[in-house]
Amino acid sequence: MRHIKLSAHTFKKGEFIAPINSIPMMQEFEDEKSWSYGHIPEYLWIGLLLKYYGREEGLRKSYDIISTLHKLAPDLYTVRLSQIIKLDSEVQKKFYNYIVCIGAKDALAPLTIFLTTSKAPVFSECFYCPQKSIEDRCEAIIDAMRDTMGHQTNEATDIRFVALYFNLLSGKLHLQKEQVDLLMAYPASKHTDEIMRIARPTVRSLEMMILTFEKTDSAYLKDFWRCVSEMTDCSIFVLEFPEEKINITAYMEKLHDIFTYLSELFVAADPLNEKMNVLLGIATYSYKRMKEIYDHQLFNSISGRSCVRVLIEDYIMMRYLVKSEPSHDNIWRDYQLYGMGLYKLVLARHRESGVLEQSHFDDRYIEALVNEYKGEEFINMDTKYFDKQNIRLKAESVGEKELYGLYYDYDSSFEHGLWGAIRESCLLKCNNPAHKYHCVPDIEDETRLKTVLPDCVMVMNKTVSFLNELYGIP
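About the thresholds
Residues numbered from 1 in each chain as written. Predicted model: local features only at pLDDT ≥ 70, side-chain atom pairs only at ≥ 80, totals over all residues. Heavy atoms only, no water. Helix = DSSP H or I, 4+ residues; strand = E, 2+ residues; numbered from the N terminus. Polar contact = N/O pair within 3.5 Å; in protein donor to acceptor, adjacent residues only side chain to side chain. Contact = heavy atoms within 4.5 Å. Salt bridge = Lys/Arg side-chain N within 4 Å of Asp/Glu carboxyl O. Buried < 20%, exposed > 50% of the residue type's maximum accessible area, 1.4 Å probe, protein only. Axes fitted to C-alpha atoms, helices over the stretch in contact; angles between N-to-C directions. Parallel < 35°, antiparallel > 145°, perpendicular 65-115°, else oblique. Left-handed = near helix turned anticlockwise from the far one by under 90°. Phe/Tyr/Trp six-rings, centres within 6.5 Å; stacked < 30°, edge-to-face > 60°. Lys NZ or Arg CZ within 6 Å of the ring centre and 35° of its normal.

Digging into the side chain of His 191
1) Next: Mapped onto the elements of the fold, His 191 is located in the loop between helix H9 (177-185) and helix H10 (196-209).
2) Next: Reaching out from His 191, the side chain makes a polar contact with the side chain of Arg 55 at a distance of 3.1 Å.
3) Next: A distance of 3.1 Å separates polar atoms of two side chains, one belonging to His 191 and the other to Asp 158.
4) Next: When neighbours within four sequence positions are excluded, His 191 is seen to be in contact with Arg 55, Asn 154, Asp 158, Tyr 186, Met 196 and Arg 200.

Take a look at the structure:
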């Protein structure tokens with residue numbers, strides 16, 4: 001699969017627009033015209049034939065069958081199953097009897113799981129095989145669907161070729177000689193042949209042209225998906241990355257020694273230094289966040305990703321504050337008042353709406369913190385970013401653009417509960433094509449995420465190195 005570079009996207013009003021979406025009038029197919037949802041239920045009978053007989057014999061059988069169908073129903077221009085079962089009952093009988101006579105009854109018998117007597121009486125009468133269990137028929141359908149769910153797979157392209165060829169028989173589509181030559185060579189060529197590198201895309205593009213004059217049967221599609229999804233079970237698979245087992249006790253002990261030294265240095269040398277107070281406060285917060293992850297072994301967890309995000313933001317903020325100190329008077333006091341202003345805002349809201357007695361928000365303690373060094377009546381509440389720059393701009397200003405771009409946005413998805421993080425951590429994949437490969441909630445916590453330990457250590461080391469530049473750690 002070819003990956004599109006970020007630089008190929010168009011950045012407009014805060015959004016990266018994919019190259020294909022920048023093309024005027026370009027839009028995705030609606031579900032009913034998509035391959036997986038709209039085509040597979042209609043062409044599944046062809047897929048079953050090809051699966052049953054193999055490609056070479058299956059294409060020959062398919063050619064004989066669609067040629068017969070064209071003779072019996074010359075006005076029919078599509079091999080959509082929803083249209084075939086609407087043909088006159090006598091025409092259907094002749095067509096189905098031909099399929100049975102050439103020995104292909106068993107290939108299409110699985111469809112009776114869906115095309116029952118009440119929905120398609122003629123089809124059901126001709127193809128129902130009592131010796132085939134429901135489980136066997138469902139398994140055959142799932143196997144055929146699994147091979148063809150991708151619209152560019154070889155199996156799917158073979159089905160599209162049969163559908164396209166019937167359309168040519170109906171006279172609805174006219175092609176250039178070069179296109180006809182490719183179609184004539186298609187069934188006689190193997191997928192490994194060089195000519196198929198051109199023939200396959202040609203078949204797919206031409207088959208898509210049929211959509212311009214084909215009608216979709218919404219009721220048939222909905223009924224098909226409802227039926228096959230209800231009659232088949234989920235096939236769940238779990239992605240488990242290796243559990244983090246590296247012992248970092250010595251590393252954590254060393255961190256503890258470092259922060260003990262810095263704390264003692266602060267108390268002994270300059271206890272009223274606001275700059276040192278702020279920087280050590282931020283760094284200690286990072287240390288305690290990492291210690292929580294270490295103590296509870298949460299490196300493979302959602303909480304671990306939250307820890308990485310905090311460590312990155314703390315480190316960037318520390319460097320930003322130091323860099324901005326010469327141009328921002330009282331930056332250390334302003335930074336503290338900014339944080340307490342946000343605490344005051346929450347406190348004011350709780351005073352007006354009331355706080356549950358069991359809430360983790362303790363209004364009396366928070367009130368004491370807000371008023372610790374300055375009366376709250378003198379504290380403003382700034383809801384913008386500190387110093388009017390978001391964390392991305394702060395990262396760029398201190399030369400940590402890559403650290404932000406490679407980690408921060410990813411971990412922020414987990415912090416804010418965005419869908420990418422939810423999908424990765426809380427939903428298991430179903431491998432059943434009849435369920436359209438849906439997802440199932442991971443209630444039993446079977447998913448194990450990739451460890452964040454190397455990232456935590458990397459950012460923590462950056463933090464300690466920065467403190468060493470400022471204070472000289474022995």
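Comments concerning the pattern of salt bridges
1) Next: Scanning the entire structure with this criterion turns up 25 salt bridges.
2) Next: Put simply, Glu 240 and Arg 448 hold a salt bridge, and the shortest N to O gap is 3.8 Å. Within this pair, whereas Glu 240 is found in the loop between strand E3 (236-237) and helix H12 (249-269), its partner Arg 448 is found in the loop between strand E5 (439-441) and helix H20 (453-471), the two being separated by 208 residues in sequence.
3) Next: With relative accessibility at 24%, the residue Arg 448 sits in the partly exposed group.

Brief notes about the packing of helix H2 (residues 55-72) against helix H4 (residues 89-101)
1) Next: Axis separation between H2 and H4 bottoms out at 10 Å; the angle between their running directions is 160 degrees. When the axis of H2 is compared with that of H4, the two are roughly antiparallel. For the pair H2 and H4, the sense of crossing is right-handed. Of the residues in H4, those in contact with Asp 64, Ile 65, Thr 68, Leu 69 and Leu 72 of H2 are Val 91, Lys 94, Phe 95, Tyr 98 and Ile 99.

A word on the packing of aromatic side chains
1) Next: The tally for this structure, following the rule as stated, stands at 19 aromatic pairs.
2) Next: Their ring planes at 75 degrees and their centres at 5.8 Å tell us that Tyr 63 and Tyr 165 sit as a pair that is edge-to-face. Of the two residues, Tyr 63 is situated in helix H2 and Tyr 165 in helix H8 (residues 154-170); the sequence distance between them amounts to 102 residues.
3) Next: Look at Phe 161 and Tyr 186: their rings are 4.7 Å apart centre to centre, the planes differ by 20 degrees, and that puts the pair in the stacked class. Of this pair, Phe 161 sits in helix H8 while Tyr 186 sits in the loop between H9 and H10, and the two are 25 residues apart along the sequence. An identical accessibility class is assigned to Phe 161 and Tyr 186; each is buried.
4) Next: One aromatic cluster is present, built from ring pairs that chain together Tyr 37, Phe 114, Tyr 220, Phe 224 and Trp 225.
5) Next: Positioned above the aromatic ring of Tyr 186 is the side chain of Arg 55, whose terminal nitrogen or guanidinium carbon lies 5.2 Å from the ring centre.
6) Next: The cationic tip of Lys 394 hangs over the ring face of Tyr 320; the distance from NZ or CZ to the ring centre is 5.1 Å.

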